[in-house]
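In case you want the letters, here they are:
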Amino acid sequence: MSEDKDLQHSQKFVYDFTEGNRDLKDLLGGKGANLAEMTNLGLPVPPGFTITTEACKVYLDSGEEPAALRDEVSAHLDALEQKMGKKLGQADDPLLVSVRSGAKFSMPGMMDTVLNIGLSDASVTGLAKQSGDERFAWDSYRRLIQMFGKTVLGVDGELFEEALDEAKAAKKVTVDTDLDAADLKKLVKHFKKVVKTEAGRDFPQDPREQMDLAVKAVFDSWNTDRAKLYRRQERIPGDLGTAVNICSMVFGNLGPDSGTGVAFTRDPASGHQGVYGDYLQNAQGEDVVAGIRNTVPLAELEAIDKKSYDQLMQIMETLETHYKDLCDIEFTIERGQLWMLQTRVGKRTAGAAFRIATQLVDQGLIDEAEALQRVNGAQLAQLMFPRFDESAKTELIGRGIAASPGAAVGKAVFDSYTAVKWSRSGEKVILIRRETNPDDLDGMIASEGILTSRGGKTSHAAVVARGMGKTCVCGAEELEVDTKRRRMTTQSGAVIEEGDLVSVDGSTGKVYLGEVPVVPSPVVEYFEGRMHAGADDADELVAAVHRIMAYADRVRRLRVRANADNAEDALRARRFGAQGIGLCRTEHMFLGERREMVERLILADTDEERELALSALLPLQKKDFVELFEAMDGLPVTVRLLDPPLHEFLPDITELSVRVALAESRKDANENDLRLLQAVHKLHEQNPMLGLRGVRLGLVIPGLFAMQVRAIAEAAAERRNAKGDPRAEVMIPLVGTVQELEIVREEADRVIAEVEAATGTDLKLTIGTMIELPRAALTAGQIAEAAQFFSFGTNDLTQTVWGFSRDDVEASFFTAYLEKGIFGVSPFETIDKDGVGSLVRSAVQAGRATRPDLKLGVCGEHGGDPESVHFFHEVGLDYVSCSPFRIPVARLEAGRAAAESKGSDSR
């Protein structure tokens, strides 16, 4: 313990804004690093200092602040007081500060902020005299008590809001700016009573105590439920901690020549260049973000205060050029003096991300490789979602600000709890609020879309929705939202009750009653070849996607194949850019009308009956393969031989038992049903996914795999004789030992040789196996002696490594595991690098040590997951395979992985 104390004393826990820079985000958090960067650029930043994330980590680990922290803070506070010429909270002319969180990664609204620290019963009169504005001083004091009470002392914020509403109602006004100094004095007195009653202590009058308690509250806010939920949603590590920024206060609530705002250097919703943001006169910063009062568009600041507006435009250009990206800026104007309070690389919608990346290339600010890193597969997937059909008959009930695009349909709900509850029961919901706050995060995550009647593009709802890729419309003022009565009323008087269907268009800001039909996304139409990237505004997004995808395809090493079982899916996959089929599941070819033929194979008692059943299936299988090879001519097609347990092709045991029992009671039992029931009982297994399936079927049922291999070979020969270029690959599933593969391969080689001799062709068929069992991965070096390729079946590999039955565990306890942080994300969605990934890595190394030319791919669902694609690139696979719809995502991420790897090598 003493060694820890000594180490703490040797560390530096506090940095002045003049000491840091934007590269110190790990230490100073994003806000602190960027405040330091703006200070270095000579921009007007109020003086202050940052307490590091390391101090927070010590506090969270031990429950105590570092021993050296208080002295360091005191030294920096003394320096700040000397610079400002006033003391924190002094009675005649008080220095006031803000205490704000600032983690490495932006977590808007998830952690705590307290403004106006230093005000007290003694200093509020001094502030009134110094400012010449008594109303401003008491407004600032009531804000401090309200924020401090809620954030630091844990008082229910609704109690303060209710008191504020009552004060406005008593005065018969609707906005807090209409309350005068006398009204605010009464409110302060009431607020202090609320604190005393609810917190069990008086509001602290010592300004240093206020500041110290606020710092601890910010540290504690790192581990609030909403912060942890947000980190899980955004996959932000939980051990980073937050920095704390202590900044001298500047005031936007000093009257009409003061105000506060948020600006974007480009539209975060569309990516278009222009003047975007919100401004609110006579207000403090939290008023804008909270959406409590409706703002005016930033462009109107030019008419209100042209000098500040012009200066802001110059600063915005400076910051965007410096950061080479869209910047999100918070500012305050105090009596005509502009101050910069924050900047960060701004969150944006998926469409804006692609547009901005290509715009910055055209402006010469970044190159194509950097543009590729500015977008991701999740954003591309979002752009492929359907949109509302503009030609459909609709009932428009309102219009707001298009804050985050998309087409969302669901049942109206008016609180976060209901949103989560209904969503978990399978309902699609739209969360409707006057304005959202950080406590609504779980409801926002559960909803299809978000609708608010207040706020703008920079409100909490808009910022968080854009970050999550959720459809959002804000500031729909013509809709009156009554959360207590759980209803919304339109201007025409129509009432939307909880449970009524509504449709929200985040691209236009329109809100409709009922369900609006959807049409394919223009990006999907582009990938399918039905729309070309043009130059007009309607095609601008598609043009941006086209440019970035073209570059990704040029630089990627991983090839991308499709999981497809028929010619129709194969053709669609090819249009989406597939470079072959990585998984054709032949069991899908035995469903429907062919199920009876499989039943005859299962019921066969003699070799003759079995041969007849297989002979009937052979031409049907061959026809399927001919169509598939034709659709993928010139590209590899990996055909997996029959994998699932045979019971899946037989009637349900309960239904069949009832059917037989009823027939016997009528004395007209069907002989075939009786035989089927016997077969079902015979094949019944306690755990069929670990039973008679995969390669085991081929070894136990004579002729089954031989028939399939013959169908593949004959189809390939037919295509080759028709001047086609079939490139078939035979894949043996569920191999656990090389001996299994050797036996099956010997039979397959014999069949292929027979077909080649009979057709006069050289088919060049390759034979490989799926690696989907831990033993197969551990003995990959041996298996590679008999396999020409491996395809990692990561779905089953994940099940067998974790000991999970996927169909059971996802419904029974995965939610609890995610909530408790055991999983950051389901291992069936993103590859478990430490467990499953470790086996994949070792199997790759062992397999290639035996056979250097071993072809390696993956055909589990992870093949289309963005994060997993980067892992597969890293371990050296040759290709990934995924569903047709995810092919563009995999192509993009394969390009990003290659560019990222090249960038790391060059560094």
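Residues numbered from 1 in each chain as written. Predicted model: local features only at pLDDT ≥ 70, side-chain atom pairs only at ≥ 80, totals over all residues. Heavy atoms only, no water.

### Regarding the sheet that holds strand β5 (residues 242–248)
Inference 1: Read from one edge to the other, the open sheet built from 5 strands follows the order β1-β2-β5-β3-β4, with strand pairing classed as antiparallel. Looking at the sheet topology across the chains shown, the edges are occupied by β1 (14–16) and β4 (113–117). Strand-to-strand twist across the sheet, computed as the mean angle between neighbouring axes with direction ignored, equals 20°. (Pairing = 2+ DSSP bridges. Helix = DSSP H or I, 4+ residues; strand = E, 2+ residues; numbered from the N terminus. Axes fitted to C-alpha atoms, helices over the stretch in contact; angles between N-to-C directions.)

### Some words on a nonpolar patch on the surface
Inference 1: Judged by side-chain polarity, L699, V700 and I743 come together as a nonpolar surface patch covering roughly 270 Å² of accessible area.
Inference 2: Relative to the elements of secondary structure, I743 occurs in helix α29 (residues 738–759). (Patch = residues over 30% accessible without salt bridge, like charges linked within 9 Å, V, L, I, M, F, W, Y side chains within 5 Å. Areas by Shrake-Rupley, 256 points an atom, 1.4 Å probe, with all protein chains shown as cover. Salt bridge = Lys/Arg side-chain N within 4 Å of Asp/Glu carboxyl O.)

### Considerations on the packing of helix α24 (residues 607–631) against helix α28 (residues 704–721)
Inference 1: Taken N-terminus to C-terminus, the directions of α24 and α28 make an angle of 40°; their axes are 8 Å apart at the nearest point. Here α24 is positioned oblique relative to α28, judged by the angle of their axes. In this structure, the crossing between α24 and α28 has a hand that is right-handed. Residue-level contacts link L614, L617, L618, Q621, K622, F625, V626, F629 and E630 of α24 to L704, M707, Q708, R710, A711, I712, E714, A715, A716, E718 and R719 of α28.
Inference 2: Counted by class, the contact of α24 with α28 contains 12 nonpolar, 2 polar and 6 charged residues. (Parallel < 35°, antiparallel > 145°, perpendicular 65-115°, else oblique. Left-handed = near helix turned anticlockwise from the far one by under 90°. Contact = heavy atoms within 4.5 Å. Nonpolar A, V, L, I, M, F, W, Y, C, P; charged D, E, K, R; others polar.)

### Side note on the sheet that holds strand β19 (residues 487–489)
Inference 1: Taken in spatial order, the 3 strands make up an open sheet running β18-β19-β20, and their pairing is antiparallel. Every other strand in the sheet has two partners, leaving β18 (480–482) and β20 (495–497) as the edge strands with one partner each. If you compare each strand with its neighbour and ignore which way they point, the axes differ by 20° on average.
Inference 2: Strand direction decides the pairing type here: β19 and β20, joined by 3 bridges, are antiparallel. Looking at β20, one finds that M488 is bridged to I496.

### Focus on the pattern of salt bridges
Inference 1: Summed over the entire model, instances satisfying the criterion amount to 60 salt bridges.
Inference 2: As a salt-bridge pair, D183 and K171 come within 2.7 Å of each other at their nearest N and O atoms. Within this pair, whereas D183 is found in helix α8 (residues 181–199), its partner K171 is found in helix α7 (residues 157–171), the two being separated by 12 residues in sequence.
Inference 3: When its relative accessible area of 16% is taken as the criterion, D183 is described as buried.
Inference 4: Residue K171 is classed as partly exposed on the basis of its relative accessible area of 33%.
Inference 5: With a closest N to O distance of 2.8 Å, E370 and R374 form a salt bridge. (Buried < 20%, exposed > 50% of the residue type's maximum accessible area, 1.4 Å probe, protein only.)

### Quick notes on the packing of aromatic side chains
Inference 1: In total, this model carries 21 aromatic pairs according to the counting rule given.
Inference 2: Centroid distance F625 to F629: 6.2 Å. Interplanar angle 15°. Geometry classified as stacked. On the criterion of helical spacing, the pair formed by F625 and F629 is a turn pair, its members being 4 residues apart in helix α24.
Inference 3: Take F629: its relative accessible area is 1%, and that puts it in the buried class.
Inference 4: The interplanar angle of 65° and the centroid separation of 5.8 Å between the aromatic rings of F871 and F872 together place this pair among those described as edge-to-face.
Inference 5: Owing to a relative accessible area of 0%, F872 belongs among the buried residues under this scheme. (Phe/Tyr/Trp six-rings, centres within 6.5 Å; stacked < 30°, edge-to-face > 60°.)

### Things to note about the state of the cysteines
Inference 1: Taken as a whole, this structure holds 0 disulfides when the rule is applied.
Inference 2: With no disulfide of its own, C472 has C474 as its nearest cysteine by sulfur position, at a separation of 3.5 Å.
Inference 3: No disulfide involves C584; its sulfur sits 11 Å from the nearest other cysteine sulfur, which is in C859.
Inference 4: By relative accessible area, which is 0% here, C584 ends up buried. (Disulfide = S-S within 2.5 Å.)

### Some points on the side chain of R208
Inference 1: Along the chain, the position of R208 falls in helix α9 (residues 207–221).
Inference 2: Among all residues touching R208, those that are not within four sequence positions of it are R70, V73, S74, L77 and L88.

### Observations regarding the environment of A227
Inference 1: Summarising the element assignment, A227 is placed in helix α10 (residues 225–234).
Inference 2: Overall, the relative accessible area of 0% leaves A227 in the buried class.
Inference 3: In this structure the C-alpha to C-alpha distance between A227 and G238, which are 11 residues apart in sequence, comes to 9.4 Å.
Inference 4: With near-sequence residues (within four places) excluded, A227 lies in contact with M107, M110, M111, S221 and W222.

### Description of a negative patch on the surface
Inference 1: Negative charge collects at one region of the surface, where D156, E158, E162, E166 and E198 lie side by side.
Inference 2: Here the negative patch takes 3 residues from α7, the largest share from any one element.
Inference 3: Along the chain, D156 falls in the loop between α6 (134–151) and α7. (Lys, Arg positive; Asp, Glu negative; His and termini not counted. Charge placed at Lys NZ, Arg CZ, Asp CG, Glu CD.)

### Side note on the environment of T606
Inference 1: Along the chain, T606 falls in the loop between α23 (595–603) and α24.
Inference 2: Of the residues examined, T606 reaches a relative accessible area of 38% and is grouped as partly exposed.
Inference 3: Sequence separation between T606 and A631 is 25 residues, and the spatial gap between their C-alpha atoms is 38 Å.
Inference 4: Within the structure, T606 has its side chain in polar contact with the backbone nitrogen of E609 (distance 3.1 Å). (Polar contact = N/O pair within 3.5 Å; in protein donor to acceptor, adjacent residues only side chain to side chain.)

### A closer look at helix α21 (residues 540–555)
Inference 1: Along its 16 residues, α21 runs 23 Å from first to last C-alpha, staying within 8% of the 22 Å computed at 1.5 Å per residue.
Inference 2: Turning to α21, its buried residues are L541, V542, A543, A544, V545, I548, M549, Y551 and A552. (Expected span 1.5 Å × (residues − 1).)

### Observations regarding the pairing of strand β7 (residues 273–281)
Inference 1: Across 7 bridges, the pairing between strand β6 (residues 259–266) and β7 is antiparallel. Within the sheet, the bridge partner assigned to G259 lies in β7 and is Q281.
Inference 2: Counting the residues that bridge the hairpin from β6 to β7 gives 6 residues, and of these G271 lies at a positive phi of roughly 90°.

### Observations concerning the nonpolar core
Inference 1: In terms of nonpolar packing, the biggest core is built from 134 residues, with F354, L380, V545 and I732 touching the most fellow members.
Inference 2: For this core, the leading source of residues is α28, giving 11 residues.
Inference 3: Apart from the residues lying within four places of it in its own chain, the contact partners of L380 are F354, V523, F527, V545, M549, P888, V889 and L892.
Inference 4: Counting residues in hydrophobic clusters, the runner-up holds 57 residues, among them A55, L95, V114 and A217. (Core = buried A, V, L, I, M, F, W, Y, C linked by side-chain atoms within 4.5 Å.)

### What to know about the pairing of strand β26 (residues 636–640)
Inference 1: Counting buried residues in β26 gives 5 out of 5 residues, a clear majority hidden from the surface.
Inference 2: Along β26, one buried face is formed by P636, T638 and R640 and the opposite face, lined by V637 and V639, is buried too.
Inference 3: With 3 bridges joining them, strand β25 (residues 581–585) and β26 adopt parallel strand pairing. Residue R585 lies in a different strand from β26, and its bridge partner there is R640.
Inference 4: As paired elements, β26 and strand β27 (residues 727–732) share 5 bridges and run parallel to each other. Within β27, the position partnered with T638 by the bridge is E729.

### A look at the packing of helix α22 (residues 567–575) against α24
Inference 1: Where α22 meets α24, the closest approach of the two axes is 9 Å, and the angle between their N-to-C directions is 10°. Taken together, the axes of α22 and α24 are roughly parallel relative to one another. Residues A567, A570, L571 and R574 of α22 touch α24, and the partners they reach there are E627, L628 and A631.
Inference 2: Per-class residue counts for the contact of α22 with α24 are 5 nonpolar, no polar and 2 charged.

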